[in-house]
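Coordinates in review
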Amino acid sequence: MGVLLHDDGLRLWAVPLRGRPRLLWRHPPARVYEIAAGPDGRELAYSVQLPARTAAAPSFVLYLLGSDGRVRTVDVVRNFLSIDTPVFLRAPTDLTGPVRLYWIRGSHEVSPATGRLENQVMVLGPRGPLRVTVPLRYEEAPFELHGYPGSLMFSLSLFRTNNVPTRLEILLDLDFGRAAQSASLTLWGDLERPVNTDIFTGVAWVTPFEYVIPVAQELHPNDYSLRLFRFDCEQYGSHVVYQGTGIDWGYAEQPWPMLPGGRDRVLVLGAADVRRVAAGKATQAPWLAVDLSTGRVTRTDAVWTPPGDLLGWWTFVQPTLKVESPSRAPSCSDLTWTYP
């Protein structure tokens, strides 16, 4: 717990924020697209890209690595689909239910009927993958899932085919608040409190009730900010953690995920550091920790390297926390709020 996990396509490393990396596992070469850790890191999910040359060939596979060392194949997709943002959550149907694996089947195809990417939200049910229905508007598609491991609450990032006002919209799922008889494992009907952004580094959930969203608009590059949101305080807006131009936007040329670094900080990459890597003037960049109380940015000992031939991805191991009703969320009075 409290460490980064990094898989470079050959090895899984535990990477502390202070100190040297420790080798955890060697495995055959694999194009590791994304990884996710369950509570306490007892389970890991691996999205692995396969060399598909035809639409009939498998393009991605999702593996579940159990605490007993067994590796289970969860999902295999074809037609050049991808498997994106696996995350371990509890279903809105049961406060004390099992931790389930959710993910998105990603597509590059746009539906002529809806104008949206033909992406699908999936959950691992008792007998295998189940599709989750997500009612959306025209030109919106589910794009990313983020949440505190084992939590009932999570965020869903939507991709707009028409990027007005931004390409992404971040929604909070509130299905846990519905009556038990109306909540569903395979239907998300209560998505609220949108935030618009053009930043693709994702949402970092630092506690089951608090999450950080990078907010900026493509045509206003100097207005980047990191904003802390707290459940049931969204009516006040957000708490500005950081404002400036020193953090990289994380576009596809050099993709990286913003990660929690504990309940009091998030981990990001510096804009200047990533520019040096992109220009071939450096081969790596330090992970930077942003303190959520002060906004102070400090360099860690953990070092990010760009995806190579075997890709490679990062996640952060967070401790198991008691799953409580969201009505037990912290108060709003200890922070300064602004809009959005």
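Residues numbered from 1 in each chain as written. Predicted model: local features only at pLDDT ≥ 70, side-chain atom pairs only at ≥ 80, totals over all residues. Heavy atoms only, no water.

**Considering the nonpolar core**
Keep this limit in mind: As used here, the term nonpolar core means buried Ala, Val, Leu, Ile, Met, Phe, Trp, Tyr and Cys residues forming a set that is joined through side-chain atoms within 4.5 Å. Any residue under 20% of the maximum accessible area for its type is buried, any over 50% is exposed, and the rest in between are partly exposed; the area is computed with a 1.4 Å probe on protein chains only. In DSSP terms, a helix is any run of H or I states spanning at least four residues, a strand is any run of E spanning at least two, and both are numbered starting from the N terminus.
In this structure, Leu4, Leu226, Val266, Val268 and Trp287 are the most contacted members of the largest nonpolar core, which totals 34 residues. Of all elements in the fold, only strand 17 (210–217), strand 18 (220–230), strand 19 (239–243), strand 21 (265–269), helix 1 (271–278), strand 22 (285–291), strand 23 (297–304) and strand 24 (313–316) reach the threshold of two or more residues within this core. Top element by residues in this core is strand 22. It accounts for five residues. Grouped together as the second largest cluster of nonpolar side chains are 17 residues, Leu89, Val134, Leu156 and Leu191 included.

**Some points on empty space enclosed by the protein**
The cut-off we apply is this: Points on a 1 Å grid over protein atoms alone make up a cavity when a 1.4 Å probe fits among them but cannot get out, and a pocket when they form an open set with protein on both sides within 12 Å along at least five of seven lines; lining residues each have an atom within 4 Å of a point. Grid points are joined across faces, edges and corners, and a volume is the space filled by probe spheres set on the points. All residues other than Ala, Val, Leu, Ile, Met, Phe, Trp, Tyr, Cys, Pro, Asp, Glu, Lys and Arg, Gly among them, are scored as polar; the first ten of these are nonpolar and the last four charged.
On inspection of all chains with the given rule, the structure shows one cavity of 30 Å³ or more. The calculated volume of the largest cavity comes to roughly 40 Å³. Lining the largest cavity are Glu144, Ser157, Leu168, Ile170, Thr197, Ile199, Phe200, Gly202, Val203, Ile213 and Pro214. Broken down by secondary-structure element, the contributors of at least two residues to the lining of the largest cavity are strand 14 (168–173) and strand 17. Along the lines of polarity and charge, the residues of the lining of the largest cavity split into seven nonpolar, three polar and one charged.

**Digging into the pairing of strand 5 (residues 44–49)**
Heads up, the condition is: For two strands to be treated as a pair, DSSP must find no fewer than two bridges joining them.
Taken across its six residues, strand 5 has five buried, putting it largely inside the fold. Taken together, the six bridges between strand 4 (residues 31–37) and strand 5 define a ladder with antiparallel strand orientation. Note on strand 5: the bridge partner recorded for alanine 36 is alanine 45. Following strand 4, the chain reverses through six residues before pairing antiparallel with strand 5; aspartate 40 in that reversal takes a positive phi of roughly 60°.

**So, the pattern of salt bridges**
Convention followed: The rule for a salt bridge is simple: a side-chain nitrogen of Lys or Arg has to be within 4 Å of a carboxyl oxygen of Asp or Glu.
Taken as a whole and judged by the stated rule, the model has 12 salt bridges. Aspartate 301 is paired through a salt bridge with arginine 18; the nearest N and O atoms lie 3.8 Å apart. In this pair, aspartate 301 is assigned in strand 23 and arginine 18 in the loop between strand 2 (11–15) and strand 3 (22–26), connecting sequence segments 283 residues apart. Linking aspartate 273 and arginine 276 is a salt bridge whose minimum nitrogen-to-oxygen distance equals 2.4 Å. Separated by three residues within a single helix, aspartate 273 and arginine 276 lie in helix 1, roughly one turn from each other. Within this structure, Arg137, Glu140, Arg160 and Glu169 form a network of salt bridges that share partners.

**With respect to the sheet that holds strand 4**
What counts is decided by this rule: Between N-to-C directions, angles cover 0 to 180 degrees, with each direction set by a line fitted to C-alpha atoms, over the stretch in contact for helices.
If you trace the four strands from one edge of the open sheet to the other, you get 4-5-6-7, paired in antiparallel fashion. The strands lining the two open edges of the sheet, one partner per strand, are strand 4 and strand 7 (71–77). Looking at each pair of strands side by side, their axes are set apart by 20° on average, direction ignored. Examined bridge by bridge, strand 6 (residues 60–65) and strand 7 share six bridges and lie antiparallel to one another. Paired with leucine 64 across the bridge in strand 7 is arginine 72.

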